[in-house]
Amino acid sequence: MSWFVRKDKGIQTPTELKREAPDGLWYQCPNCKKAMQTREHKLNAYTCIHCNYHEKVGSEAYFSILFDDNEFVELDAAMTSGDPLKFVDTKAYPDRIRATMAKTGLRDAVRTAYGPVNGEMVTMAVMDFAFIGGSMGSVVGEKIARAVDHAIQNRTPFLMVSRSGGARMMEAGFSLMQMAKTSAKLALLSNEKLPYVSLLTDPTTGGVTASYAMLGDFNIAEPEALIGFAGPRVIRETIGKDLPKGFQSAEFVLEHGFLDFIVDRKDLKARLSTLFAMLK
Amino acid sequence: MRTYLDFEKPIADLEARLEETRQLAKTSNINVSEAVEVLEQSINRLRQEIFQNLTRWQRVQLSRHPDRPYTLDYISLMCDEFIELHGDRTVRDDPAMVGGFGKIGDQTVMIIGQQKGRNTKQRQHRNFGMPNPEGYRKALRLMKMAEKFGKPIITLIDTPGAFPGLEAEERGQGEAIARNLKEMFMLTVPVICIVIGEGASGGALGIAIGDRVLMLENTWYSVISPENCSTILWRSWNFKEQAAEAMKVTAKDMTSFKLVDGIVDEPLGGAHNDHQAMAQHLKTVILDALTELNALSPDERINQRIDKFCSMGVVVE
């Protein structure tokens, strides 16, 4: 027996009209579960004001955090995936791409742009994990390659923000060769003596770690980001044991000598500018 | 004792009969020469039939055939002299990655490749051909040394992947592979890479940036093994055949997409059927490629190497 009895039958108020507060006014941290205002969270570079949890944000957020007044020119914004293999698993690849584009409003798993960062021109590529796990296929490889070309032609530093599960299986051999392509371009960038900063965020694994993400003059990471070549599940299965606490965290990777420093996202822009200024 | 794959079984049956017939001739006075000839012909026909119509998954199986020649087999069959070199000078020597200076014909080359084991003990020692970071660093050390002495580099690729272990992560598996990719593009000497068995993902690519990248006829090369692809996309191990088809992993596929430069034919019945013939053919292929590459300047080779890999990928604009 319920406490309240509904007198009218068939009331069908849509869920969004039932809310008291307008959508998106509050943000709940997935880590500490505490609430804060969305505006407050955004001003805090999408990190939790209580526990400093770094929300897994994508290109839009990084562009707004890094570029002065969110002013930038996007490169190759229209580029989308082909389907060279006519790949079908439980779903045809082009259908998967279309569905993901509709869901995320993104074209693929990376966006590239250039613009002023504290007045200094920087070319950057930022990955979007929301797009098929940030997987690297031909579009990711090609956009990064062209962004590096842009950095070379305009003599700007290059920043790569990685957040990816690795290569995109639906492009098989083509995905694999994007590791080679991006590495080739970064070798050319290196010859030009232009700085390359690789920021690894949560998570960065697989073919991305084994190519451009680990090739920075400066490899840096966000706090507690998962960074590795093989994923934790695969390693657990290989060794048949549970993994030690903190294994493959940014702090672990720093301790083992593969990162230059860990940077809080709130300090990212200032640290980058200081670094680039020192290299001038 | 030879190993036969499931689709090789009909050949095995005929070969058993051939052997019986020969034994019979030894123990009795019956003339079997005609019967032997007939059997030999039908074995040959059957082999041709089976090997003309291999599925992609069957080629994956062949690439892992336990009797297939491995890196050190090719080295001993192709090189008149060979001096193996060990260690990455930092951590240890990785037995899953071997290398050293060898002579192929008149040419001194640096040969580097993943090494698998033939029996249980060897397999463990070689870690099933799965290198640790120090394997990739050893490979790079040897490549740099070859560059210093102006000797071409030959890499033989045969790995189920870079080792996904705890220590491998601690010592930077990703960084080791990434560095090799970048450094190999700038090598001033000719680099020829040949997939002789399995070419699994970054673990293969880590020694596979070359002026010529070739695949033996019955090998596979892709971003992930068909089994692991099946596990992730179909959530079951059972779709490996479909995964091999969908990913198009064979030498023919990879050549048609221009992701590798060419196919090296294997003897009838596969490389495992005739190590000697396979190695001799590979030696000729390598020497021919070296003649072509030696005619180019270091800058030409580097530029062509970079342009080739940079043209890989299909996008819509």
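Just so it is clear, the structure is predicted and the values come from calculations on it, not from any experiment.

## With respect to the domain arrangement of chain A
Residue and element names in this part refer to chain A. Taken domain by domain, chain A consists of domain 1 (2-8 + 56-279) and domain 2 (20-54). Placing the centre of domain 1 and that of domain 2 at their C-alpha centroids yields a distance of 23 Å. With 11 residues of domain 1 at the contact, the number on the domain 2 side is seven residues. Of the roughly 750 Å² buried at the junction of domain 1 and domain 2 (both faces included), carbon and sulfur atoms supply 57%. At the boundary of domain 1 and domain 2, one finds zero salt bridges. The tally of links between domain 1 and domain 2 comes to six residue pairs in polar contact (both at pLDDT 80 or more).

## Some remarks on the interface of chain A and chain B
Opposite the 57 residues of chain A that make contact, chain B presents 47 residues. Taken together, both faces of the contact between chain A and chain B bury some 4,300 Å²; the carbon and sulfur share is 76%. When the buried area of chain A at its contact with chain B is split by residue, Met169(A), Met177(A) and Phe229(A) rank highest and sum to 16% of it. For the interface between chain A and chain B, the tally reads one salt bridge. Linking Arg146(A) and Glu317(B) is a salt bridge whose minimum nitrogen-to-oxygen distance equals 2.9 Å. Our count for the contact surface shared by chain A and chain B stands at 11 residue pairs in polar contact (both at pLDDT 80 or more). Elements that contribute at least two residues to the side of chain A that touches chain B include exactly β4 (80-81), α5 (138-154), α6 (172-191) and α8 (232-239) of chain A. With 18 residues, α6(A) is the largest single contributor of residues to the side of chain A that touches chain B. A breakdown of the residues in the side of chain A that touches chain B according to their chemical character gives 33 nonpolar, 17 polar and seven charged. When β4(A) meets strand β9 (residues 315-316) of chain B, the two strands line up antiparallel, connected through two bridges.

## Description of helix α11 (residues 240-247) of chain B
Residues that lie three or four places apart on an α-helix share one face, since the helix turns once every 3.6 residues. All of the buried residues in α11(B) are Lys240(B), Ala243(B), Ala244(B), Ala246(B) and Met247(B). Considered in projection along α11(B), the buried side chains sweep an arc of 165 degrees and stay on one side of the axis. Residues of α11(B) that are buried sit in contact with α6 of chain A together with α3 (56-63), β7 (220-222) and α10 (226-234) of chain B. Count one or two residues on from α11(B) and you reach Lys248(B), which has phi positive near 50 degrees.

## Regarding the UniProt feature "domain: CoA carboxyltransferase N-terminal" (unreviewed entry) in chain A
In this structure's numbering, the residues bearing the UniProt feature "domain: CoA carboxyltransferase N-terminal" (unreviewed entry) are residues 25-280 of chain A. Helix makes up 36% of residues 25-280 of chain A and strand 19%, with an end-to-end C-alpha separation of 43 Å.

## Quick look at the pattern of salt bridges
Scanning the model with the defined rule gives 36 salt bridges over all chains in all. Notably, a salt bridge pairs Glu142(A) with Arg146(A), separated by 2.9 Å at the nearest N-O pair. Taken together, the residues span about one helical turn, with Glu142(A) and Arg146(A) both in helix α5 at a distance of four residues. The class of Glu142(A) is buried, set by a relative accessible area of 14%. Given a relative accessible area of 24%, Arg146(A) falls into the partly exposed group. Of the charged contacts in the structure, one is a salt bridge between Glu171(A) and Arg168(A), with a shortest N-O distance of 4.0 Å. Residue Arg168(A) is classed as buried on the basis of its relative accessible area, which comes to 1%. Salt bridges sharing common partners tie together Asp76(A), Glu142(A), Arg146(A), Lys181(A) and Glu317(B).

## Remarks on the sheet that holds strand β10 (residues 261-262) of chain A
Residue and element names in this part refer to chain A. Spatially, β3-β5-β6-β7-β8-β9-β10 is the arrangement adopted by the seven strands of the open sheet, whose pairing is mixed. Across the chains shown, the open sheet's two edge strands, defined by having one partner strand only, are β3 (73-75) and β10. Pairing analysis gives three bridges linking β3 to strand β5 (residues 110-117), with the strands arranged antiparallel. When the sheet's bridge partners are listed, valine 73 is paired in β5 with tyrosine 114. Against the sheet, helix α3 (residues 59-66) touches β5, β6 (120-127), β7 (158-164) and β8 (196-204), its axis set at about 5 degrees to β5.

## Let's talk about the packing of α6(A) against helix α8 (residues 173-185) of chain B
It is at 8 Å that the axes of α6(A) and α8(B) come closest, and there the two elements cross at 65 degrees. For the pair α6(A) and α8(B), the crossing hand works out as right-handed. Across the interface between the two elements, Met179(A), Ala180(A), Ser183(A), Ala184(A), Leu186(A), Ala187(A) and Ser190(A) of α6(A) pack against Leu181(B), Lys182(B) and Phe185(B) of α8(B). Taken together, the residues of the contact of α6(A) with α8(B) break down into seven nonpolar, two polar and one charged.

## With respect to the nonpolar core
In this structure, Phe158(A), Tyr212(A) and Tyr221(B) are the most contacted members of the largest nonpolar core, which totals 107 residues. Sort the elements by how many residues they give to this core and α6(A) lands first, with nine residues. Among all residues touching Tyr221(B), those that are not within four sequence positions of it are Leu176(A), Met177(A), Val195(B), Gly199(B), Ala204(B), Leu205(B), Ala208(B), Val213(B), Met215(B), Val249(B), Met254(B) and Val260(B). Within the second largest apolar cluster, 26 residues are counted, among which are Phe63(A), Phe67(A), Val117(A) and Val126(A).

## Things to note about the environment of Arg301(B)
All names here are of chain B. Note on placement: arginine 301 falls in helix α14 (residues 298-310). Residue arginine 301 is classed as buried on the basis of its relative accessible area of 6%. The sequence separation of arginine 301 and glutamine 122 amounts to 179 residues, and the corresponding C-alpha distance is 38 Å. Those residues in contact with arginine 301 that lie beyond four places of it in its chain are Thr188, Val189, Pro190, Asp211, Leu293, Asn294 and Leu296.

## Looking at the packing of helix α6 (residues 133-148) of chain B against α8(B)
Between two packed helices, the angle of one axis relative to the other and the distance separating the axes together describe the packing. Residue and element names in this part refer to chain B. Between α6 and α8, the shortest axis-to-axis distance is 8 Å and the interhelical angle comes to 20 degrees. Taken together, α6 and α8 sit at an angle that is classed as roughly parallel. Considering how the two elements wind past one another, α6 and α8 form a crossing that is left-handed. On α8, the residues that touch Pro133, Tyr136, Arg137, Ala139, Leu140, Met143 and Lys144 of α6 are Gln173, Glu175, Ala176, Ile177, Arg179, Asn180, Glu183 and Met184. For the contact of α6 with α8, a count of residues per class yields eight nonpolar, two polar and five charged.

Definitions and cut-offs
- Every chain is numbered on its own, with residues counted from 1 as its sequence reads.
- Chain letters start at A and ligand numbers start at 1, both assigned in the order the entries are written.
- Side-chain atom pairs in this predicted model are given and counted only at pLDDT of 80 or more, local residue features only at pLDDT of at least 70, and totals for whole chains, interfaces and linings cover all residues.
- Side-chain numbers here rest on the full set of heavy atoms in the structure, without hydrogens or water.
- These domain limits were set by an automatic method or by a database of domain assignments.
- Residue contacts follow a heavy-atom distance rule, with two residues in contact if any of their heavy atoms lie within 4.5 Å.
- When two parts are put together, the accessible area they lose, computed with a 1.4 Å probe and summed over both, is reported as buried area.
- Salt bridge, as used here, is a side-chain nitrogen of Lys or Arg placed within 4 Å of a carboxyl oxygen of Asp or Glu.
- Polar contacts, as used here, are pairs of N or O atoms within 3.5 Å; protein pairs need one atom able to donate a hydrogen and one able to accept it. Residues neighboring in sequence count only if both atoms are side-chain atoms.
- Counting from the N terminus, the helices are the DSSP runs of H or I reaching at least four residues and the strands are the DSSP runs of E reaching at least two.
- Amino acids are sorted into nonpolar (Ala, Val, Leu, Ile, Met, Phe, Trp, Tyr, Cys and Pro), charged (Asp, Glu, Lys and Arg) and polar (every other residue, Gly among them).
- When DSSP finds two or more bridges between a pair of strands, those strands are recorded as paired.
- Relative accessibility under 20% of the residue-type maximum defines a buried residue, over 50% an exposed one, and the middle range a partly exposed one, all with a 1.4 Å probe and only protein chains included.
- Summarising the geometry, the arc corresponds to the directions from the helix axis toward the C-beta atoms.
- UniProt positions are given in the numbering used here, feature names are shortened, and annotations may be inferred rather than shown by experiment.
- Simply put, an axis is a line fit to the C-alpha atoms, just over the touching stretch for a helix, and the angle between two N-to-C directions goes from 0 to 180 degrees.
- Two helices cross in a left-handed way if the nearer one is turned anticlockwise from the farther one by less than a right angle. They cross in a right-handed way if the turn is clockwise.
- Among the buried residues, those of types Ala, Val, Leu, Ile, Met, Phe, Trp, Tyr and Cys that are joined through side-chain atoms within 4.5 Å form a nonpolar core.
- Each angle receives one of four descriptions, namely roughly parallel if under 35 degrees, roughly antiparallel if over 145, roughly perpendicular if within 65 to 115, and oblique otherwise.

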